[in-house]
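A structural walkthrough
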Amino acid sequence: MKKLLLPAIIYSIWMGLLATDLPVNGNFLPSVGRFLSPFHGIWQSIDANENSYSISGLVDKEVKILFDERDIPHIYAATLPDAIYAEGYLHAAHRLFAMDISTRAAAGRLSELIGQRTVLLDQLAREKGFEYTAIKKAEAWERDSESRLLLKAYIEGINTYIQSLEYKDWPLEYKILSHAPETWTIKNAALAATNLAIALCLREDDLSYTNAHAILSDDDFSFLFPSFNSKESPVIPSEKIWDFSAVNAPSTTEHNAEPLHQNETEDTRKTPLNGSNNWAVSGDKTTNGNPILANDPHLKLTLPSIWYEMEINTPNMSVHGVSNPGLPFILLGFNEDIAWGSTNSGQDVLDWYKITWQDSSRQKYLYDGEYIKATLRPERIVIRGTNPIIDTIRYTHFGPVSHMGDYVDLAMQWIGHELSNKNDALSFLNINLSKNEDEFREAFKTYTYPAQNFVFASKDKNIGIFITGQLPIRPDGQGEEIINGDQSVKNWKGYIPAEHSPFIQNPKRGFVSSANQTPADTTYPYPLLGRRGFEDYRGRIINQVLDTLTSITVEDMMALQQNNFSLMASEILPVLLKVVDSTTCLNDKEKQIAHQLSKWNYQYHRDSLSPVYFELLFEALEKLTWDELTNADIMMPEEWRLIELATNDPNNKYFDILKTTDTHESLQDIVCLAFVDMMESYHNLLGDRNKNWGSYKESTIPHIARFPNFGVDALSTSGGRHIVNTMKQSHGPSWRMIVELSDPPQAWVNYPGGQSGNTASKHFKDMVGDFFEDKYYQVSLRNNSDAWVPTRQINIHPQ
């Protein structure tokens, strides 16, 4: 008996280890036994189930889901709730982990899955009130009967899939993390909406502007950071006459005399907003006489993609486009009568207010001459592998108060925290159902945020563009710098009325477009904040091309979406080369590069070396010119301001280098030094290798949770910053769509990903190669389920 005891103990310990998750260097290894089981483990997850099958669900009548050759689902349902139920089921079946991780990020709940490594991210999300706001939004949606009906159907579809899962069916990421999927609620959908707002309208520069203004005179600040670029080509062309006056708020202009603490790197000071391109051309400018609409939203690229392509068919609606898993309906697409797309409007809809506390307990703050109580909300952050922590977030009249990082004791007023009495849960449903321009504009009466430039084209030959979303009315002079939060007069005074929002229909030039540039010129009655966020080049390129084109074809629109011309380089490089031509400051190698750049066609093609040299040269030029600002660790002016100085004022004081006190440098001196710095940077980065633009940039599409080897590495791509094809390292066009409003409409689409979230599926990343080879897939509405043969099928029967 004793001889059996030791083996039994060893066996018990071994089996225990096989069934236990083990912490290793801050990560958690899943229980080996379950993870490697041939019947339940990893092998089951990498065996992609893409067969036809039937399920029982909470639907009134049978729903058919037919999949085409790209695995795009086409839903056929007798009622709208049944269709939305099927959409929820598909989102969960193909993107469950991505939905989970993105909503956890917004809620500040990543550490429940990952442990200590994400605690800071969770704390930042909690202190900005994202989950608290989502809870309030979900409660508002619940109170509206129509929203509740459709959201309930969508979430029941998600949960039908989740409840069908046994361990063997879990997506691979859940097995790696050894964590079961959770049941979904309306709060999760509200978090998905909040996540979009975080991506699209959280950006601001209040702290940077505050610190810049604190060390610069008023004249220098206004010169370096003007509110309008005179070369800009606004979204709404200047032919638009505004027949209203602004609803004004009182002036409270102020700025801080001393810089506030900040800790920004050069990279974060040059982080662009999430941009996009869209346009629509009139049938008068096209070969076939039909309007053509194009859209390509620019976002952080991940696998799986933020988008899930699909088609929804009911007796009252046939719509094709992309959805955002976590939310119902089609966000960008077309139906039988209209097509639409959007770009980020770039509006600054976040303000920071300095809070004056009564004492160190931070319980009461000064507001209109008295100290009033802050609302304290304890936040419990669960951390895998250790004890939870409690963070107490303070809320003021303006919003939550930051207690970490650069924004300590600043209250945050953000559009994403503002609860509307509008039924915004159904905005995209009404867009999906729209049949003409009037219905399309009516749909936006319930749209709240993020503010977008929505482009529109219809089968009845109309085109238009509308800046939509709630834009706050602030006291005059307020909104771009941090101010004292001691008076209620400094709060927002409502929103720009919907009928005053910038828009235009069927303009004389025969097209509408947007590329994140300023929405309107200075004749627009309201201030449009976001001067550093507005794009200065892409919109001008698009408008120049569209203005010159006639007899436009779909192929012309494809070429424009793939346009790699740098207007910025074309404006500044000849100036710089002319300067060095008149000097003897370049050595032989630098002269060789200058000659090569003189022959460059300003195309950011992946096989070209010239974009590498230009980027390094311009980066060096910026650092040398704005040394007064980089030494003070504040933001640099936009590129166009430097280009204008170099072109028109080569002896401007900003070209003088501060540290050379005995010399007064001009543009000529700066450019000579920039060539030296360019060569040094090139050799530090690349050695003696002549990398082309594509290999230098090394684009990647990472896994959404950054799991190694689950993404796509070392992509050679064209395009870049300020270019219509805005492909950077892992940020760029996330969906390309071109729709000709023929009868019926025809579309050409693609996105850099695949339909499946399963890394082992052939549809996980099958469209990536074609996307970066600039290939499109032609699609049309398949509103007759009997007219085509699917590759597979799912039937949902009533329970």
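Further up the page is the structure itself.
In what follows, the accompanying structure is described. Keep in mind that this is a model prediction, so the values were computed, not measured.

1. Description of the overall build of the protein
For the protein, the helix and strand inventory stands at 25 helices and 29 strands. Of all 799 residues assigned to the protein, the portion counted as buried reaches 60%. In the protein, the share of contacts with a sequence separation of at least 24, taken over all contacts with a separation of at least 6, comes to 72%. Per element, the accessible surface of the protein, about 32200 Å² overall, is 50% carbon and sulfur.

2. A word on the packing of helix H18 (residues 567-581) against helix H22 (residues 639-648)
At a minimum axis separation of 10 Å, H18 and H22 run at an interaxial angle of 30°. Looking at the two axes, H18 sits roughly parallel to H22. The handedness of the crossing between H18 and H22 is left-handed. Mapping the contact onto sequence places Met568, Glu571, Ile572 and Val575 in H18 and Glu639, Ile643, Ala646 and Thr647 in H22. Broken down by class, the residue content of the contact of H18 with H22 amounts to five nonpolar, one polar and two charged.

3. Notes on the side chain of asparagine 564
As for its placement among the helices and strands, asparagine 564 is situated in the loop between helix H17 (554-561) and H18. Using a relative accessible area of 11% as the deciding quantity, one classes asparagine 564 as buried. Here asparagine 725 takes part through its side chain, which lies 2.9 Å from a polar atom of the side chain of asparagine 564. The contacts of asparagine 564, once residues within four sequence positions are left out, are Tyr602, Gln603, Tyr604, Ser718, Gly719, Ile723 and Asn725.

4. Focus: helix H8 (residues 145-163)
Helix length check: H8, at 19 residues, gives a terminal C-alpha distance of 26 Å against a target of 27 Å (1.5 Å per residue), a fit within 8%. Those residues of H8 lying buried are Ser147, Leu150, Leu151, Ala153, Tyr154, Ile155, Gly157, Ile158, Asn159, Thr160, Tyr161 and Ile162. Where the residues of H8 are buried, they touch strand S3 (53-57), helix H4 (80-107), helix H7 (130-143), helix H10 (186-201) and helix H14 (427-433). Regarding H8, its N-cap is aspartate 144, as a side-chain oxygen of that residue lies 3.3 Å from the backbone nitrogen of glutamate 146 further along.

5. A closer look at the nonpolar core
Counting 144 residues, the largest nonpolar core has Ile65, Ile75, Trp414, Phe440 and Ile796 as the members making the most contacts within it. Here the element with the most residues in this core is H4; it accounts for 13 residues. Those residues in contact with isoleucine 796 that sit more than four places away from it in its chain are Ile55, Gly57, Val59, Lys61, Glu62, Val63, Ile65, Tyr85 and Ala86. The next biggest cluster of nonpolar side chains, apart from the first, holds 76 residues, and it includes Tyr602, Phe614, Ala620 and Val724.

6. A few points about the sheet that holds strand S17 (residues 410-414)
Read across the sheet, three strands follow the order S17-S12-S20 without closing on themselves; strand pairing throughout is mixed. Pairing within the sheet leaves two strands with one partner each, and these edge strands are S17 and strand S20 (483-484). In terms of strand pairing, strand S12 (residues 350-354) meets S17 through five bridges, oriented antiparallel. Paired with tyrosine 353 across the strands is alanine 411, a residue of S17.

7. A word on the pattern of salt bridges
Under the definition given, this model contains 34 salt bridges. Residue aspartate 205 is joined to arginine 203 by a salt bridge in which the shortest nitrogen-to-oxygen separation is 3.7 Å. In this structure aspartate 205 comes out as buried when scored by relative accessible area, which is 12%. Overall, arginine 203 belongs to the partly exposed group, its relative accessible area being 28%. Residue lysine 490 is joined to aspartate 486 by a salt bridge in which the shortest nitrogen-to-oxygen separation is 3.1 Å. For aspartate 486, a relative accessible area of 23% translates into the label partly exposed. Through salt bridges that share partners, Asp100, Arg104, Arg109, Glu112 and Glu182 make up one connected network.

8. So, the packing of aromatic side chains
Taken as a whole, this structure holds 39 aromatic pairs when the rule is applied. A centroid spacing of 5.8 Å and a plane angle of 90° characterise the contact between tyrosine 209 and phenylalanine 225, whose relative ring orientation is edge-to-face. In this pair, tyrosine 209 sits in helix H11 (residues 206-215) while phenylalanine 225 sits in the loop between helix H12 (218-224) and helix H13 (266-269), placing the two residues 16 residues apart along the sequence. With respect to burial, tyrosine 209 and phenylalanine 225 carry one shared label: buried. Ring geometry for phenylalanine 565 and tyrosine 602: centres 6.1 Å apart, planes at 85°, overall edge-to-face. Taken as a pair, phenylalanine 565 in the loop between H17 and H18 and tyrosine 602 in the loop between helix H19 (588-598) and helix H20 (610-625) lie far apart in primary sequence, 37 residues in all.

Cut-offs and rules
Residues numbered from 1 in each chain as written. Predicted model: local features only at pLDDT ≥ 70, side-chain atom pairs only at ≥ 80, totals over all residues. Heavy atoms only, no water. Helix = DSSP H or I, 4+ residues; strand = E, 2+ residues; numbered from the N terminus. Buried < 20%, exposed > 50% of the residue type's maximum accessible area, 1.4 Å probe, protein only. Contact = heavy atoms within 4.5 Å. Areas by Shrake-Rupley, 256 points an atom, 1.4 Å probe, with all protein chains shown as cover. Axes fitted to C-alpha atoms, helices over the stretch in contact; angles between N-to-C directions. Parallel < 35°, antiparallel > 145°, perpendicular 65-115°, else oblique. Left-handed = near helix turned anticlockwise from the far one by under 90°. Nonpolar A, V, L, I, M, F, W, Y, C, P; charged D, E, K, R; others polar. Polar contact = N/O pair within 3.5 Å; in protein donor to acceptor, adjacent residues only side chain to side chain. Expected span 1.5 Å × (residues − 1). Core = buried A, V, L, I, M, F, W, Y, C linked by side-chain atoms within 4.5 Å. Pairing = 2+ DSSP bridges. Salt bridge = Lys/Arg side-chain N within 4 Å of Asp/Glu carboxyl O. Phe/Tyr/Trp six-rings, centres within 6.5 Å; stacked < 30°, edge-to-face > 60°.

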